[in-house]
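If you want the building blocks of each chain, they are given just below.
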Amino acid sequence: MSFIRKIVSVFQDLYNHSSNIRFCSYLRRKGIKMGGGNSFRPHSTVIDFTRPSLITIGSNCYFNENFIILTHDWVTKVFLNSGYEFLPSSGKVTIGNNVSTGRNVMILKGVTIGDNVFIGANSVVSRDIPSNSIAVGSPARVVHTLDDYYKRRKEECVSEALDYARSIKERYGRQPVPTDFWEEFPLFVDGNKISDYPELKSIIKRQCGPMYENYIKHHKANFDGFDSFLDAAGLNR
């Protein structure tokens, strides 16, 4: 019977990790309090289930590959083997709304992360991160406010997109086409000119998500269309 239970457990675990929707339901069943619209990579996510009541996750968060949450540690084993008393060790982990991570991020016990936070790849979060912040490192520390980083990215993304356009010509020997730019489209597609790029409409809608209508009504591109964008990259000359 024990063997059968182990087999059933393996299949249940595979099922629970087979999609993001199933994984989120699984986390709630385990006792984690969590909002909606969250995205995990179930097969590489590690959640400490020893004290699920200590974990709270907001809404609309994105957790990349190899994301880990720990609510306890096991330094007690070292204490015991050194002649000290058994001491418990645990702490809450609270993650706000609209939090995203790069790959290989670990959140340690006793940490609160605010809203609208990005945590860079390979970070270990061992102390609180305030809302509207960009944090990186081990231990993770705040390196930008969200507003400052937005302004920096708004400038840097232009030269990056132009470099990408040139790389397509250099690597593949062809002119870039609009669908190559599934993230860079805001640089050359005005919100009121999406109809000029029918091949990009579904891409723009997917990428903008709930802000799609706002994009249509208000977005003004850096360049006056795709040809102007290629001109800036030196590819129409």
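These remarks concern the structure in this document. In this text the structure is predicted, and so the values were computed from the model without any measurement.

Parameters and conventions
- Residues numbered from 1 in each chain as written.
- Predicted model: local features only at pLDDT ≥ 70, side-chain atom pairs only at ≥ 80, totals over all residues.
- Heavy atoms only, no water.
- Helix = DSSP H or I, 4+ residues; strand = E, 2+ residues; numbered from the N terminus.
- Buried < 20%, exposed > 50% of the residue type's maximum accessible area, 1.4 Å probe, protein only.
- Contact = heavy atoms within 4.5 Å.
- Pairing = 2+ DSSP bridges.
- Phe/Tyr/Trp six-rings, centres within 6.5 Å; stacked < 30°, edge-to-face > 60°.
- Salt bridge = Lys/Arg side-chain N within 4 Å of Asp/Glu carboxyl O.
- Axes fitted to C-alpha atoms, helices over the stretch in contact; angles between N-to-C directions.
- Nonpolar A, V, L, I, M, F, W, Y, C, P; charged D, E, K, R; others polar.
- 1 Å grid on protein atoms, 1.4 Å probe; cavity = no way out; pocket = protein on both sides within 12 Å on 5 of 7 lines; lining within 4 Å.
- Points joined across faces, edges and corners; volume = space filled by probe spheres on them.

**Topic: the environment of Phe-63**
Turning to its location among the elements, Phe-63 is positioned in the loop between β3 (55-57) and β4 (68-69). Residue Phe-63 is classed as buried on the basis of its relative accessible area of 0%. Distance from Phe-63 to Arg-41, taken between C-alpha atoms, is 6.9 Å for residues 22 residues apart in sequence. Leave out the neighbours within four places in its chain, and Phe-63 touches Ser-39, Phe-40, Arg-41, Ile-57, Ile-95, Val-99 and Thr-101.

**Considerations on the sheet that holds strand β2 (residues 46-47)**
Note: strands within a sheet are paired through backbone hydrogen bonds, in either parallel or antiparallel orientation. Spatially, the 4 strands line up as an open sheet ordered β2-β4-β7-β10, and their pairing is parallel. Two strands lie at the open edges of the sheet, namely β2 and β10 (124-125), each paired on one side alone. When β4 meets strand β7 (residues 106-107), the two strands line up parallel, connected through 2 bridges. Among the inter-strand pairings, Ile-69 is bridged to a residue of β7, identified as Ile-107.

**A look at the pairing of strand β12 (residues 140-145)**
Summarising the sheet, strand β11 (residues 133-137) and β12 pair through 5 bridges and their orientation is antiparallel. Paired with Ala-135 across the bridge in β12 is Val-142.

**A closer look at the packing of aromatic side chains**
Within the structure shown, the criterion is met by 17 aromatic pairs. Their ring planes at 65 degrees and their centres at 5.9 Å tell us that Phe-185 and Tyr-215 sit as a pair that is edge-to-face. Taken together, the residues Phe-185 in the loop between α4 (146-172) and α5 (201-208) and Tyr-215 in helix α6 (residues 212-218) connect sequence positions 30 residues apart. Judged by relative accessible area, which is 3%, Phe-185 ranks as buried. Take Tyr-215: its relative accessible area is 8%, and that puts it in the buried class. Taken together, the ring pairs in this structure connect Tyr-164, Phe-181, Phe-188, Tyr-197, Phe-223, Phe-226 and Phe-229 into an aromatic cluster.

**Here's the deal with the pattern of salt bridges**
One pass over the full model with this rule turns up 9 salt bridges. With its nearest N and O atoms 2.9 Å apart, the salt bridge here joins Glu-65 to Arg-41. With Glu-65 in the loop between β3 and β4 and Arg-41 in the loop between β1 (33-34) and β2, this pair connects stretches of sequence that are 24 residues apart. The exposure class assigned to Glu-65 is partly exposed, which follows from its relative accessible area of 25%. The partner of Arg-174 in a salt bridge is Asp-180, and the shortest N-O contact between them spans 3.0 Å. Note on Arg-174: relative accessible area 32%, which makes it partly exposed. The exposure class assigned to Asp-180 is buried, which follows from its relative accessible area of 13%. A network of salt bridges, in which partner residues are shared, links Arg-152, Arg-153, Glu-156 and Glu-160.

**Re the packing of helix α1 (residues 2-16) against helix α2 (residues 20-30)**
Where α1 meets α2, the axes come as close as 8 Å, and the angle between the chain directions of the two elements is 120 degrees. In this structure, α1 uses Asp-13, Tyr-15 and Asn-16 to contact α2, whose residues at the interface are Arg-22, Phe-23, Tyr-26 and Arg-29. Among the residues making up the contact of α1 with α2, the classes are represented as 3 nonpolar, 1 polar and 3 charged.

**Some points on the layout of surface pockets**
Size it by volume and the largest pocket reaches roughly 1600 Å³. Together, 25 residues line the largest pocket, and Tyr-150, Arg-153, Glu-183, Pro-186 and Gln-207 are the ones closest to its centre. Within the residue set of the lining of the largest pocket, elements represented by two or more residues are α4, α5 and α6. Per element, the largest residue contribution to the lining of the largest pocket is 9 residues, and it comes from α4.

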